[in-house]
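Chain residues, written in single-letter form:
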Amino acid sequence: MKGLISQPTNGLGNRLRSMASTYILSRQLDCPFYLSWPNYCDLWKRDFTKSSEIGTKESIFTQTGDCGLNLSALQNKPVDYIKFSTGQSFVAPGISVAEYNSLKSEFYNSLQPHGFIVDEAQKFVSKFFKGTVLGIQLRGGDLLKNGICLNVEDSLPIIDPYIT
């Protein structure tokens, strides 16, 4: 296999988890890691090899997150590249959860944004937020596939002690 491609989807956190998982698997398989996230590859000080650099005649198998990841089967695919188009994280075979979490932490620490991004973020924070801020993102639909739907009324008793 010539490499693994991360084409992260969904929100930022999901994209970073998917990138980390693909990167960790690429290290385990000792093959190159490519990032397919147009316009965002260059935001980091870390130099990512872009998937656009892969030749058009190369064979690519795309594994989407909604199919369930069968990493053992993917390793034996007769293709040049495997692309993970997902917002899900996955643990490579043979790696413990503790080791995965350590490697994921190392990957996250390697993602240092360029100064112009940090400057813009600081301008935004100083313009709109004074003092201590607690941000809550209520995503009640995340557990719908399990038949659970959280709404604001159910969440307020949990959140209320922290609101000042």
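Residues numbered from 1 in each chain as written. Predicted model: local features only at pLDDT ≥ 70, side-chain atom pairs only at ≥ 80, totals over all residues. Heavy atoms only, no water.

**Student:** Before we move on, could you go through the pairing of strand 5 (residues 81-85) and cite the residues and values that matter?
**Tutor:** Most of strand 5 is tucked away, with five of its five residues classed as buried. Of the two faces of strand 5, the one lined by Tyr81, Lys83 and Ser85 and the one lined by Ile82 and Phe84 are each fully buried. Of the strand pairs in this sheet, strand 1 (residues 3-6) and strand 5 are connected by four bridges, and their pairing is parallel. Paired with Gly3 across the two strands is Tyr81, which belongs to strand 5. (Buried < 20%, exposed > 50% of the residue type's maximum accessible area, 1.4 Å probe, protein only. Helix = DSSP H or I, 4+ residues; strand = E, 2+ residues; numbered from the N terminus. Pairing = 2+ DSSP bridges.)

**Student:** Explain a nonpolar patch on the surface residue by residue, including any values.
**Tutor:** Taken together, the side chains of Phe124, Val125, Phe128 and Phe129 make up a nonpolar region of the molecular surface, amounting to roughly 390 Å² of accessible area. Following the sequence through the fold, Phe129 ends up in the loop between helix 4 (115-128) and helix 5 (152-159). (Patch = residues over 30% accessible without salt bridge, like charges linked within 9 Å, V, L, I, M, F, W, Y side chains within 5 Å. Areas by Shrake-Rupley, 256 points an atom, 1.4 Å probe, with all protein chains shown as cover. Salt bridge = Lys/Arg side-chain N within 4 Å of Asp/Glu carboxyl O.)

**Student:** Any details on the confidence of the model for the protein? Residues and values, ideally.
**Tutor:** Per-residue confidence for the protein gives a mean pLDDT of 81, with 75% of residues at or over 70. In the model of the protein, helix 2 (residues 71-75) stands out as the element of lowest mean pLDDT, 64, in contrast to helix 3 (residues 97-109), which has the highest, 94. (pLDDT = per-residue confidence, 0-100.)

**Student:** Please give an account of the pairing of strand 1 that cites residues and values.
**Tutor:** What you see with strand 1 is no split at all: Gly3 and Ile5 on one side and Leu4 and Ser6 on the other are buried throughout. By the bridge criterion, three bridges tie strand 1 to strand 2 (residues 33-35) in an arrangement that is parallel. Pairing of Ser6 across the sheet is with Leu35, part of strand 2.

**Student:** Lay out the pattern of salt bridges in plain terms, naming residues and giving numbers.
**Tutor:** Applying the stated criterion across every chain, the model contains three salt bridges. The shortest N-O distance in the salt bridge between Lys2 and Glu58 comes to 2.9 Å. You can see Lys2 sitting in the segment before strand 1 and its partner Glu58 sitting in the loop between strand 3 (49-50) and strand 4 (60-64), a full 56 residues away along the chain. Residue Lys2 is classed as partly exposed on the basis of its relative accessible area, which comes to 39%. Across the pair Glu120 and Lys123 runs a salt bridge whose closest N-O atoms are separated by 2.8 Å. Here Glu120 and its partner Lys123 are both found in helix 4, three residues apart, which amounts to about one turn of the helix.

**Student:** For the sheet that holds strand 4, give the residues involved together with the corresponding values.
**Tutor:** The strand order across the open sheet built from five strands is 3-2-1-5-4, with neighbouring strands paired in parallel fashion. The outermost strands of the open sheet, each flanked by one partner alone, are strand 3 and strand 4. Against the sheet, helix 1 (residues 12-28) makes contact with strand 1, strand 2 and strand 5, and its axis sits at roughly 175° relative to strand 1, the strand it touches most. (Contact = heavy atoms within 4.5 Å. Axes fitted to C-alpha atoms, helices over the stretch in contact; angles between N-to-C directions.)

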